Structures are given as C-alpha cells and as structure tokens.
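The chain contents come next:
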Amino acid sequence: MKPKLAICYRIYPAISKIPAIHADNKYKMSELCLRSFVRALDGIEPRIWVLLDNCNQHYNDLFIKYLQPYQYELINLNKKGNAGTFGMQMDILSKQNFSNYIYFAEDDYFYLENAFLNTINVLINNNTEFATPYNHPDYDNLPLHNYKYSIENLNGINWRNAASTTMSFMTTKNNLKKYYKIFDSYTKLNYDASMWFAITKLNLKNPFNILKLSLSNITYFKIFLKTFYFAPLAPFGKSAKLISPIKSLATHLDNQGLPPGIDWDKEFEKLNYGL
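The notes below deal with the structure included here. (Residues numbered from 1 in each chain as written. Predicted model: local features only at pLDDT ≥ 70, side-chain atom pairs only at ≥ 80, totals over all residues. Heavy atoms only, no water.)

### Concerning the pattern of salt bridges
- In the structure shown here, the tally under the stated rule is ten salt bridges.
- Where Lys 65 meets Glu 31, a salt bridge forms, and the shortest distance between an N and an O atom there is 3.6 Å. Note that Lys 65 is positioned in helix α2 (residues 57-67) and Glu 31 in helix α1 (residues 26-39), a separation of 34 residues in sequence.
- Between Arg 160 and Asp 140 there is a salt bridge, and its shortest N-O distance comes to 3.1 Å. Pair noted here: Arg 160 is in strand β8 (residues 157-161) and Asp 140 is in helix α5 (residues 138-141), with a separation of 20 residues, a long-range link.
- In this structure, a network of salt bridges that share partners links the residues Glu 31, Arg 35 and Lys 65. (Salt bridge = Lys/Arg side-chain N within 4 Å of Asp/Glu carboxyl O. Helix = DSSP H or I, 4+ residues; strand = E, 2+ residues; numbered from the N terminus.)

Given below as structure tokens:
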C-alpha cells in the first residue's frame, strides 16, 4: 500500500533571488519545478492543495495539465503574500483528514526521483519529527551551523540532524499542531531560521556561542533576536528533531543554494524539454 501524503503547494508569479535556470521566466521555471514535483510523487498517494497567489489562468492550466492523475484542488488568491499563504498552508494541512503525513511545498524547488517516498519513509519508520529532502549548502558553509550533529543511515540514505531548513518540509499533523504557535510566528514576520531554531534548539544551548555569533554578524544577531522575541523560552524544554539527507533529494533553485555532489544542470536538462 502506498503511503498517503497531504501536500499544500503555494505559487506566486514573481521571481525571488536568482534562479539557477529560467532566471528571467517564472512560468518556465514553475513548469520545470512542477514536472520534477510530479515525477517525485511516484510511490506515494498524494492529496494536493495548490495556492495560486495573484496567478493568471495560465498557471491554473499548468496545474490542471500536470495534476490530472491525482486528487487536487486549486485555490486562487489575490496577493495574499508569503506570510499569508504559509498561514493558509498551516490551516489546510492541520484540518485535512486525508493523511497524518503532510508536506509544505514552495514553487521554486526541483525534486529528484523518489524524493517524497524516501522522505516519508524516514518519518514513518524512524524517530524524527521533521524531515526535509533538501541538503542546504549552509550546513557546511556557515558558522551558524557549527554544531555537533549525528549521521544515521536510514533506508539506505545517510541523514543528519539540522538546526533549520527552508519553508519546504515534511512532518505530521500531530507535530504541526504541537508546534503550531511557533510556526504561526512566521506569519507575523519571524524569520524561517529563527522559527526553526526555536523548534530544534541546536543553536541555543550555548549562550557564549550565541553571543559570539551575534557580535560577528548582524544577520546572525537579527536571527537570534527574533528567535527570543517570538519564543523567549526557546532554549528550554524538549527539542524536536529535523533531519536532512547528506546527498540531497531536492534543491531550492536559488543559484547560491544548490547542494554539492550532484550535477544539477544535468538533472535540469532531463526535464527541461520544450520549455
């Protein structure tokens, strides 16, 4: 029996940062990402909600074209914005009764084959609250992620625990409800990193390290400031586990955020026909 996964996918027709492909055409980039998304659904039974924020009919047609084999719903919005659409994702995924396993999806992610099956199997069979298919290069490149982590081979893939990730991630309804207040802070202009730090607590156990990082970089200072503003007791209590694959199963299309060890240009070209 295929595992069931409830997915809420949000899309906006503008480009943020500099994409690694189709940097001047959001529609083409969206179609490439959607092709990879649908390919990665192999092996699972999904139910998909799509939040189309300020999108024209061409985007509606795009999802109708690619999501025909699946249960899906298109929801058209009028400039709801990043925080607003994330809030809607939380609401939809916490209230749906299709599956306890849920995925928050953004429109600028490219997925490798079996990305969702490999990620959901980790949640089903192992003791972790959150999983991301994305191995962010920041884990190895930024002092902010200079903490001890463990590596586990789960279902043939090496995963490590991480302090934070992006807003594309997998968890369960139960965990979303448990950490709902912290996730909701993102709708009140909290940073994604600050939100995750309050949940995983990997960066919050050493006050001297927090001070050192804060004094070394104004961005780090703002991240910790927001962490404690929205979750003053964040260093205390039980932490939740977030894991990421060592060899990435997906990538954010930010050209500065491509994970190592994979020829992403080659992967893009496999699905870039006709675009």
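That was the structure; now back to the text.
### Things to note about the layout of surface pockets
- For the largest pocket, the calculated volume is near 1100 Å³.
- Breaking the lining of the largest pocket down by element, the ones donating at least two residues are β1 (4-11), α1, β2 (45-53), α3 (81-95), α5, α8 (192-200) and α10 (218-230).
- The space that makes up the second largest pocket amounts to roughly 250 Å³.
- Every residue lining the second largest pocket is counted, 14 residues in all, and those nearest its centre are Lys 181, Ile 182, Phe 230, Ala 231 and Pro 232.
- If you tally residues by element for the lining of the second largest pocket, the top one is helix α7 (residues 180-184), at three residues.
- The residue makeup of the lining of the second largest pocket, split by class, is eight nonpolar, one polar and five charged. (1 Å grid on protein atoms, 1.4 Å probe; cavity = no way out; pocket = protein on both sides within 12 Å on 5 of 7 lines; lining within 4 Å. Points joined across faces, edges and corners; volume = space filled by probe spheres on them. Nonpolar A, V, L, I, M, F, W, Y, C, P; charged D, E, K, R; others polar.)

### With respect to empty space enclosed by the protein
- If you walk through the whole model with that rule in mind, you get one cavity of 30 Å³ or more.
- Taken as a whole, the largest cavity encloses approximately 40 Å³ of empty space.
- Lining the largest cavity we find Tyr 139, His 145, Tyr 147, Tyr 149, Arg 160, Asn 161 and Ala 162.
- Here the lining of the largest cavity is built from residues that sort into four nonpolar, two polar and one charged.

### Topic: the state of the cysteines
- As enumerated under the stated definition, the model contains zero disulfides in all.
- Looking at the unpaired Cys 8, the closest cysteine sulfur is the one in Cys 55, lying at 13 Å. (Disulfide = S-S within 2.5 Å.)

### Focus: helix α4 (residues 115-125)
- Burial in α4 covers these residues: Ala 115, Phe 116, Thr 119, Ile 120, Val 122 and Leu 123. For α4, the arc enclosing every buried residue in end-on projection is 150°, short of the 170-degree limit, so these residues lie on one face. (Buried < 20%, exposed > 50% of the residue type's maximum accessible area, 1.4 Å probe, protein only. Arc of directions from axis to C-beta.)

### Quick notes on the packing of aromatic side chains
- Considering all chains together, one arrives at 24 aromatic pairs under this definition.
- Both rings, one in Tyr 103 and one in Tyr 111, keep their centres 6.3 Å apart while their planes meet at 70°; by these two values the pair is edge-to-face.
- Accessibility expressed as a relative area gives 0% for Tyr 103, which makes it buried.
- Note on Tyr 111: relative accessible area 1%, which makes it buried.
- Note on Phe 130 and Phe 169: the rings are 6.3 Å apart at their centroids and 65° apart in plane angle, and the pair reads as edge-to-face. Highlighted residues: Phe 130 in strand β6 (residues 130-131) and Phe 169 in strand β9 (residues 169-172), separated in sequence by 39 residues.
- Overall, the relative accessible area of 0% leaves Phe 169 in the buried class.
- An aromatic cluster of at least three residues, connected via ring pairs, comprises Phe 86, Phe 104, Phe 130, Phe 169, Tyr 179, Phe 183, Tyr 186 and Trp 196.
- Positioned above the aromatic ring of Phe 98 is the side chain of Lys 4, whose terminal nitrogen or guanidinium carbon lies 5.2 Å from the ring centre. (Phe/Tyr/Trp six-rings, centres within 6.5 Å; stacked < 30°, edge-to-face > 60°. Lys NZ or Arg CZ within 6 Å of the ring centre and 35° of its normal.)

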